[in-house]
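Examining the three-dimensional arrangement
These are the residues of each chain, in order.
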Amino acid sequence: MAEKRRKEREERERRVIDLAEQVMVAIGQRDAAVAETEKRAGEALRELTEVEGLSLGEAVEWCGETVTVREATRLRRLANADGEPSGDVRDDSGDDGAALASAGSGGAGAGTSAG
């Protein structure tokens, strides 16, 4: 009887280890996918600002409510860390910061200008 229980415990432990490994592999794959998509977003944001000449706030406005200025800053830094050095690594959004205030909140009225 003791031998049977010991074997059952060993089999259960093997199953638990296998399932835990599956979780760790899946989480690792998810993290790699997120890192890759964030890098692509950062590269596109960098192109909007450096090639197309938009301020970061303007680029965020063009992206709708999908990203905030803070998130765009983080994404651009990710792209700069893995890619070629950027000529302009400042994260300001332009002349007077109004775009930062309106686009950075992500709340009601984000991306609109008061007039």
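Here goes a summary of the coordinates provided. (Residues numbered from 1 in each chain as written. Predicted model: local features only at pLDDT ≥ 70, side-chain atom pairs only at ≥ 80, totals over all residues. Heavy atoms only, no water.)

Turning next to helix 1 (residues 2–50). The end-to-end C-alpha separation of helix 1 is 71 Å, in line with the 72 Å expected for 49 residues at 1.5 Å each. Within helix 1 the residues assigned to the buried category are Gly-42, Leu-45, Arg-46 and Thr-49. (Helix = DSSP H or I, 4+ residues; strand = E, 2+ residues; numbered from the N terminus. Expected span 1.5 Å × (residues − 1). Buried < 20%, exposed > 50% of the residue type's maximum accessible area, 1.4 Å probe, protein only.)

Right, let's get into the pattern of salt bridges. For the structure on display, the rule yields 6 salt bridges. One salt bridge in this structure joins Arg-30 and Asp-31, with 2.9 Å as the shortest N-O distance. With relative accessibility at 47%, the residue Arg-30 sits in the partly exposed group. With relative accessibility at 39%, the residue Asp-31 sits in the partly exposed group. (Salt bridge = Lys/Arg side-chain N within 4 Å of Asp/Glu carboxyl O.)

Turning next to the nonpolar core. Judged by nonpolar contacts, Leu-45, Leu-56, Ala-59, Val-60, Val-67, Val-69, Ala-72 and Leu-75 together constitute the single largest core of 8 residues. Here Val-67 is in contact with Val-60, Ala-72 and Leu-75, once residues within four sequence places are set aside. (Core = buried A, V, L, I, M, F, W, Y, C linked by side-chain atoms within 4.5 Å. Contact = heavy atoms within 4.5 Å.)

With respect to the helices and strands, Leu-45 occurs in helix 1. Separated by 27 residues in the primary sequence, Leu-45 and Ala-72 place their C-alpha atoms 7.0 Å from one another. Discounting chain neighbours no more than four positions away, the residues touching Leu-45 are Ala-59, Cys-63, Ala-72, Leu-75 and Arg-76.

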